Amino acid sequence: MKITIIGAGYVGLVTGAGMASMGHQVICVDFNEARLEPIRSGRAPFFEPGLDELLAKVVGEGKLSATSNLSEALPGSDVALIAVGTPSNPDGIDLSYIRAAARDIGALLPSHGGYVVVTVKSTVVPTTTETVVREEVERASGLKAGPDFGLVMNPEFLREGCAVEDFMTPDRIVLGALDDRSFDVLNRVYAGSDCPILRTTLANAEMIKYASNTLLAMMISFSNEIASLCEAVPGLSEEEVMAGMHLDRRLTVRRNGELVRPGLLSYLRAGIGFGGSCFPKDVAALQSFGREKGVATRLLDATLDTNHLRAKAVIDLLERASGPVGGRTVAVLGLAFKENTDDVRESPGLRLIKELRDRGARVRVHDVIVDATTLPIANHVEKAATEADAVRGADACVIATKWPQYSRLDWPALLATMARPVVLDGRQVVPWTTLPPSAVYVPIGAAPPAMA
Ligand code: UDX
Ligand code: UDX
């Protein structure tokens, strides 16, 4: 089938490359020309493991192309898929890009002639597709949803850093559909997927996405709150508390007597807070949706409050272990909001850096992929090319991103180069049992060692 995708971002491009690899003919449309050139030469314009190889393959086979001109792409398409940004704004989410994409599609429908299913993949609050999107397309086309064009809401469940894998082996395909005809087209797009295809209404599909993300975010904030409680009481350990909790048969399954920990439990461990372009935005969007509907959302409010407090709690932990950071040099390892991505949107590591700078620390930063000189903090921090350069002579080191590379460093050797061998392991990646007795290892989720 022929699929036009508007928005060639972390979601739109992975989705397009995945659909092309399923045999569909895909045209990605993006108004950012800088993104188009790499795509045309089979390279991803951002870091996403496996995407370069996938793009090279499907572009090489002529199954995926890219343009900034929707009127070139839409003719003959069975699906017009919207995957443009839905950034946060004080009232919830900014729908201006969604509206623009819907209007652009609508304007071209009369000349399109055939039946096309307008499909929303971007995360939008419940009822947006059947109101805002439907009205924009109908107004711009003079046509009617249903008889003249289809309407589907198909949320994405891609995690950055493993988005290609998540597309290729989905747990679920959710299709909110206006009517049978709309559903049938998207059902054919995903034919051959060996996971459940859930048909529901447009609004339920939108809510499934929000409920999924807010539950995960809430689990992280719950874990971080348990961690903060453990950090207040010497002897308590979040790691041991969670290990005990995870044994609950309702959380851990046994297969042939073996304990099997489902992936969900990886969201029940302390960290330094959640970031990214989804969790913070989606929780806030549902929170403002609740306000708009006059429904209290106390759990969502607390999820965000706990998340915002976490950076302060983590640096408090560091100061309890090794004294005030003012005037000292602190190395922060990790700028990306999570491992295996170059995305720094709402990155918790950047929140830690702000907290450190607010307390008068000099901050040196390293990331495996992100180049600090491209960030707004570039003039306020010292960029280190290697982890060794970052920690050398520093008074403390804070791990902010769970890069697997950080767990493989020679920590005893690194600590020996520091002015003070203090490491706060914000992502539980340091093999602390290998550290020398002189090291001051500060785990999260436990009271720090008495100050040396
Ligand atoms: C986006 C939304 O932010 C997210 O809420 C939704 O779940 C999926 O789509 P993401 O792919 O990470 O997520 O956004 P981003 O990386 O910003 O990509 C959006 C792309 O759309 C950008 O390449 C941007 O240039 C493009 N775009 C945006 C358009 O082509 N036209 C527009 O009108 C707006
Ligand atoms: C999330 C959802 O997982 C995905 O299903 C949805 O489609 C988009 O949003 P993403 O934001 O890319 O995906 O990454 P995820 O791995 O979920 O991490 C989100 C944030 O939570 C990151 O900052 C990560 O560091 C943090 N996190 C994750 C924790 O702090 N603790 C955890 O246990 C897991």
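**Quick word on the site of ligand 2**
Around ligand 2 there are 19 residues in total, and Glu 160, Ser 266, Tyr 267, Gly 275 and Lys 338 lie nearest to it. In this structure, Leu 158 approaches ligand 2 through a main-chain N or O atom, which is 3.1 Å from an oxygen atom. Here an oxygen atom of ligand 2 and a backbone polar atom of Gly 275 are 2.9 Å apart. Protein contact buries 91% of the 660 Å² of open area that ligand 2 shows by itself. It is helix H9 (residues 202-231) that contributes the most residues to the shell around ligand 2, 4 residues altogether. Class assignment for the residues of the shell around ligand 2 results in 9 nonpolar, 4 polar and 6 charged.

**Side note on the pairing of strand E1 (residues 2-6)**
By the criterion of burial, E1 is predominantly enclosed, with 4 of the 5 residues buried. When E1 meets strand E2 (residues 25-29), the two strands line up parallel, connected through 5 bridges. Looking at the pairing, Ile 5 lines up with Cys 28 of E2. Taken together, E1, helix H1 (residues 12-21) and E2 constitute a β-α-β crossover, and its handedness is right-handed. In terms of strand pairing, E1 meets strand E4 (residues 79-82) through 4 bridges, oriented parallel. Bridge pairing in E4 places Ile 5 opposite Leu 81.

**Observations regarding helix H12 (residues 298-322)**
Between its terminal C-alpha atoms H12 stretches 36 Å, which fits the 36 Å expected from 25 residues at 1.5 Å a residue. Along H12, the helix axis deviates most sharply at Arg 310, where the bend reaches about 35 degrees. Two residues or fewer after H12 comes Gly 323, characterised by a positive phi angle close to 85 degrees.

Cut-offs and rules
Residues numbered from 1 in each chain as written. Chains lettered and ligands numbered in written order. Predicted model: local features only at pLDDT ≥ 70, side-chain atom pairs only at ≥ 80, totals over all residues. Heavy atoms only, no water. Near = heavy atom within 4 Å. Polar contact = N/O pair within 3.5 Å; in protein donor to acceptor, adjacent residues only side chain to side chain. Areas by Shrake-Rupley, 256 points an atom, 1.4 Å probe, with all protein chains shown as cover. Helix = DSSP H or I, 4+ residues; strand = E, 2+ residues; numbered from the N terminus. Nonpolar A, V, L, I, M, F, W, Y, C, P; charged D, E, K, R; others polar. Buried < 20%, exposed > 50% of the residue type's maximum accessible area, 1.4 Å probe, protein only. Pairing = 2+ DSSP bridges. Right-handed = clockwise from strand over helix to strand, strands pointing away. Expected span 1.5 Å × (residues − 1). Bend = angle between axes of the 7 residues up to and from the residue.

In short, geometric facts, not functional conclusions.
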